[in-house]
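Structure assessment
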Amino acid sequence: MLKHTFQHLYGIGERTEKRLWANGITTWAEFLQAPEQTGLPLWLRDLACRELEQSLAALECRDAQYFSDRLP
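Residues numbered from 1 in each chain as written. Predicted model: local features only at pLDDT ≥ 70, side-chain atom pairs only at ≥ 80, totals over all residues. Heavy atoms only, no water.

1. Things to note about the nonpolar core
Definition in use: Grouping buried Ala, Val, Leu, Ile, Met, Phe, Trp, Tyr and Cys residues that are joined through side-chain atoms within 4.5 Å yields what is termed a nonpolar core. For every residue, the accessible area obtained with a 1.4 Å probe (protein chains only) is divided by the maximum for its type, and the residue is called buried under 20%, exposed over 50%, and partly exposed between those limits. Secondary structure elements are defined from DSSP: runs of H or I of at least 4 residues count as helices, runs of E of at least 2 residues count as strands, and each element is numbered from the N terminus. By definition, residues are in contact when any of their heavy atoms lie within 4.5 Å.
Ranked by internal contacts, the top residues of the largest apolar core, which has 15 residues, are Phe6, Leu9, Ile12, Leu20, Phe31, Leu40 and Leu52. When contributions to this core are tallied by element, the ones reaching two or more residues are α2 (28-33), α3 (42-60) and α4 (64-70). No other element matches α3, which puts five residues into this core. Not counting chain neighbours up to four residues away, the residues in contact with Ile12 comprise Phe6, Gln7, Glu17, Leu20, Leu40 and Ala48.

Here it is as structure tokens:
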């Protein structure tokens, strides 16, 4: 379930998350595989890709605090 949210990323709230889902981007992997399909501005798309890579690392390390600090 965690890999389906984007609200922990800078500049992405509930409305943008819903727009991503509507564009077929429903997981972190889908975002990273096709960032150009997100409809986000280039600067935000690049930032989100970097943050998603950090999110994957935090998840692998079971770092709950990382997500607790970032999720609304």
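2. Topic: the side chain of Arg45
What counts is decided by this rule: When charges are counted, Lys and Arg contribute as positive and Asp and Glu as negative, whereas His and the chain ends are disregarded. By definition here, a salt bridge exists when the distance from a side-chain nitrogen of Lys or Arg to a carboxyl oxygen of Asp or Glu is within 4 Å.
Considering the arrangement of structural elements, one finds Arg45 in helix α3. The side chain of Arg45 sits in the buried core without any salt bridge; Asp46 is the nearest counter-charge, 4.7 Å away. Leaving out residues up to four positions away in the same chain, Arg45 has contacts with Phe31, Pro35, Glu36, Thr38 and Leu40.

3. Section: helix α1 (residues 14-22)
For clarity, the cut-off: Taking the helix axis as origin, the arc is that swept by the directions to the C-beta atoms.
Listed in full, the buried residues belonging to α1 are Thr16, Glu17 and Leu20. The buried side chains of α1 occupy one side of the element, clustering within an arc of 100° when seen end-on. In α1, those exposed residues whose orientation departs by more than 90 degrees from the buried face are Arg15 and Ala22. In this structure, the buried side of α1 is in contact with α2. Following α1 by one or two positions, Gly24 adopts a phi angle in the positive range, close to 90°.

4. Here we look at unusual backbone geometry
One non-glycine residue, Arg62, lies in the positive phi region at around 60°. Position of Arg62 among the secondary structure elements: in the loop between α3 and α4. Judged by its relative accessible area of 77%, Arg62 is exposed.

5. Quick word on the side chain of Thr16
Here Thr16 lies in helix α1. Other than its neighbours up to four places away in sequence, Thr16 contacts Gly11 and Leu40.

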